[in-house]
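As a plain string of letters, each chain reads:
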Amino acid sequence: MARQVVGVALLTLVMAACSSTPIDTHEQGSTESDLGSVNLPLTTTVKDGTIYHLAAATFTITGEALAAPRVVKPPADEAIHNEPLPVGKYSIVLAKGWVLEKRGPAEKLFSPVTAQLVTPNPLSFTVDGKLPGDAFFGFVTSSGDVSLGKGSVNIRIGVADCSAYDTYTASLGALTADCLGTVDPRAYKVNADGFLVPTFDFCPNDSKQGDLLREIRQLLSLQYRSARLPFAKQCMAGRYDAYLQKFAGLGIDVCPTWKKDRVVNPITDEVILRAIKLLPPLGKDDGTIPPVLELLKENSLYTVAMDVPTRNKCDTPAACAQLCAGAFPGFVLAGQGNSVLTDPAAWLLTTTYNPPTLPDPYLRTGYYHPMSYYGGAPGVQFGTYQRFDPCGGRVCEPEACSYFAGIHLKTQLQKDCLDNMNLDTCVSYCGTALP
């Protein structure tokens, strides 16, 4: 059965001078010129006409601009609740007791569904009176994927910080190079629904009997997890489409071929032993980025070449390769002459192991993937399916990881499929237990 992902967006609106919301004169220093609001969409309708609603919700908002915590209990019949707030930075908590409920097209009443809150709680957001800010409460249930209505403010790619998605696009670039023997932005397109999809249906360089194409599809399935990755569609497909349009004017008619020479920093048992000593202590976040993250990046060195005459305007094969790989932010570290260095992270590698002959080094006692520290809290939550099943179907525990829930916590990676009958939709997930 497919899991269902529902995102509840918190969107800061423009200045209250442009709305009919009254000013709360009890806030510290509030004036009409520095008041904004936050919009809480609570209802969404999916394609088949089913309506989902977050009921019995109680939000507590805190911030320096408030004299005391603001407790918000939206009325039961509201689809979107608007709450006026002074300009400032805030934290919002969804209290226990909420109920996610749905009503089918032929049903008159809502009925509760089993759901798990999967995004950080509390969340942070900003009211600045200029651009809408975004934060999401996300829930996973067991009956399909749903995108929440955006309310009165459109989410634009320019509002989102897409750097957290670079680790996913870098891995997609690596899989593409291994699959096709080249990295060419024309190998993918954005479909009519706005999702990034491959234009190829097999991997000519695949020695793993179809595994590479499956791994590409698994990574692309992240676009559909809209609650936990609210900007995946924009930051993966949106950025790709923008670069594809730019690429058309770069004067490159043929992209170089890629051949992997060697792995510069293979993840071995010795590397993991060093990493264990450098892993940060779990618990409260101090805002620092641990140096162990650099140790856990398996860099690869590729030879790139132009096998056919071209009219390319770049000087060297490496320069052409870097331009062709520009659709995959975070993938290429450096390039010179005929060589390119690339940079995927450990939890997005697709390596499998065969114990006891070849044991999984990530399963060594004391190690966990420090995913919640990547780029600063809350970090990242998704890895490749192989990190949940590191021994390729043989008896082997899922690897450990850290996730952020106000503090850094340790758990095991879970299997997370959009459709449990289709392995192409499966990845691994680091967070609280899924339903």
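On a predicted model such as this, the values are computed, not experimentally measured, just so you know.

Parameters at a glance
- Residues numbered from 1 in each chain as written.
- Predicted model: local features only at pLDDT ≥ 70, side-chain atom pairs only at ≥ 80, totals over all residues.
- Heavy atoms only, no water.
- Pairing = 2+ DSSP bridges.
- Helix = DSSP H or I, 4+ residues; strand = E, 2+ residues; numbered from the N terminus.
- Axes fitted to C-alpha atoms, helices over the stretch in contact; angles between N-to-C directions.
- Disulfide = S-S within 2.5 Å.
- Buried < 20%, exposed > 50% of the residue type's maximum accessible area, 1.4 Å probe, protein only.
- Parallel < 35°, antiparallel > 145°, perpendicular 65-115°, else oblique.
- Left-handed = near helix turned anticlockwise from the far one by under 90°.
- Contact = heavy atoms within 4.5 Å.
- Nonpolar A, V, L, I, M, F, W, Y, C, P; charged D, E, K, R; others polar.
- Core = buried A, V, L, I, M, F, W, Y, C linked by side-chain atoms within 4.5 Å.

Overview of the sheet that holds strand 12 (residues 123-127)
Inference 1: Pairing in this open sheet of four strands is antiparallel, and the strands run 6-5-8-12 from one edge to the other. Two strands bound the open sheet, and with one partner strand each, they are strand 6 (70-72) and strand 12. Between one strand and the next, the sheet's axes are offset by a mean angle of 30 degrees, whatever the strand orientation.
Inference 2: Relative to strand 8 (residues 88-94), strand 5 (residues 59-63) runs antiparallel, the two being bridged by five bridges.

What to know about the state of the cysteines
A covalent bond between the sulfur atoms of two cysteines is what we call a disulfide.
Inference 1: Using the criterion set out here, one finds six disulfides in the structure.
Inference 2: Here Cys255 is linked by a disulfide to Cys324, with a sulfur-sulfur distance of 2.1 Å. Residues Cys255 and Cys324 are joined by a disulfide whose S-S torsion is about -95 degrees; by sign, that bridge is left-handed. On the criterion of sequence distance, the pair formed by Cys255 in the loop between helix 3 (232-247) and strand 16 (257-263) and Cys324 in helix 6 (residues 317-324) is long-range, its members being 69 residues apart.
Inference 3: Residue class for Cys324 comes out buried when judged on its relative accessible area of 0%.

Remarks on the packing of helix 1 (residues 166-180) against helix 2 (residues 211-220)
Packed helix pairs are specified by the crossing angle of their axes together with the interaxial distance, meaning the distance between the axes.
Inference 1: The N-to-C vectors of helix 1 and helix 2 enclose an angle of 160 degrees; their axes lie 10 Å apart at closest approach. Classified by the angle between their axes, helix 1 and helix 2 sit roughly antiparallel to one another. Read as a crossing pair, helix 1 and helix 2 show a hand that is left-handed. Between helix 1 and helix 2, the contacting residues are Tyr168, Ser171, Leu172, Leu175, Thr176, Asp178 and Cys179 on the first element and Leu212, Glu215, Ile216, Leu219 and Leu220 on the second.
Inference 2: Its residues assigned to classes, the contact of helix 1 with helix 2 comprises eight nonpolar, two polar and two charged.

Some details on the sheet that holds strand 24 (residues 426-429)
Inference 1: Overall, antiparallel pairing links the three strands, which are arranged 20-24-23 in an open sheet. Bordering the open sheet on either side are strand 20 (382-383) and strand 23 (414-417), each of which pairs with just one other strand.
Inference 2: Where strand 20 lies against strand 24, two bridges are found, and the strand directions are antiparallel. Across the sheet, the residue bridging to Phe382 is Tyr429, located in strand 24.

Brief notes about the pairing of strand 9 (residues 99-103)
Inference 1: When strand 4 (residues 51-55) meets strand 9, the two strands line up antiparallel, connected through five bridges. Of the residues in strand 9, the one forming a bridge with Ile51 is Arg103.
Inference 2: Relative to strand 10 (residues 111-112), strand 9 is paired through two bridges, and the arrangement is antiparallel. Across the sheet, residue Glu101 finds its bridge partner in strand 10, namely Pro112.

Some points on the nonpolar core
Inference 1: The biggest cluster of nonpolar side chains holds 76 residues, and the ones touching the most others in it are Tyr168, Tyr188 and Trp258.
Inference 2: Every residue in contact with Tyr188, bar those within four places of it in the chain, is listed here: Leu172, Thr176, Leu196, Val197, Pro198, Thr199, Phe200, Ile216, Leu220, Tyr240, Leu244 and Phe328.
Inference 3: Core analysis: the second largest hydrophobic core is formed by 20 residues, Ala57, Leu85, Ile92 and Leu100 among them.

A look at the pairing of strand 4
Inference 1: Within strand 4, five of the five residues are buried, which leaves the element mostly enclosed by the surrounding structure.
Inference 2: Taken together, the three bridges between strand 3 (residues 43-45) and strand 4 define a ladder with antiparallel strand orientation. Following the sheet pairing, Thr43 is matched in strand 4 by His53.

What about the environment of Pro74?
Inference 1: Mapped onto the secondary structure, Pro74 falls in the loop between strand 6 and strand 7 (80-86).
Inference 2: On a C-alpha basis, the gap between Pro74 and Thr58 in space is 7.4 Å, while along the polypeptide they are 16 residues apart.
Inference 3: Sequence-distant contacts of Pro74, defined by excluding residues within four places in its chain, comprise Leu42, Ala57, Phe59 and His81.

By themselves, these figures tell us nothing about what the structure is for.
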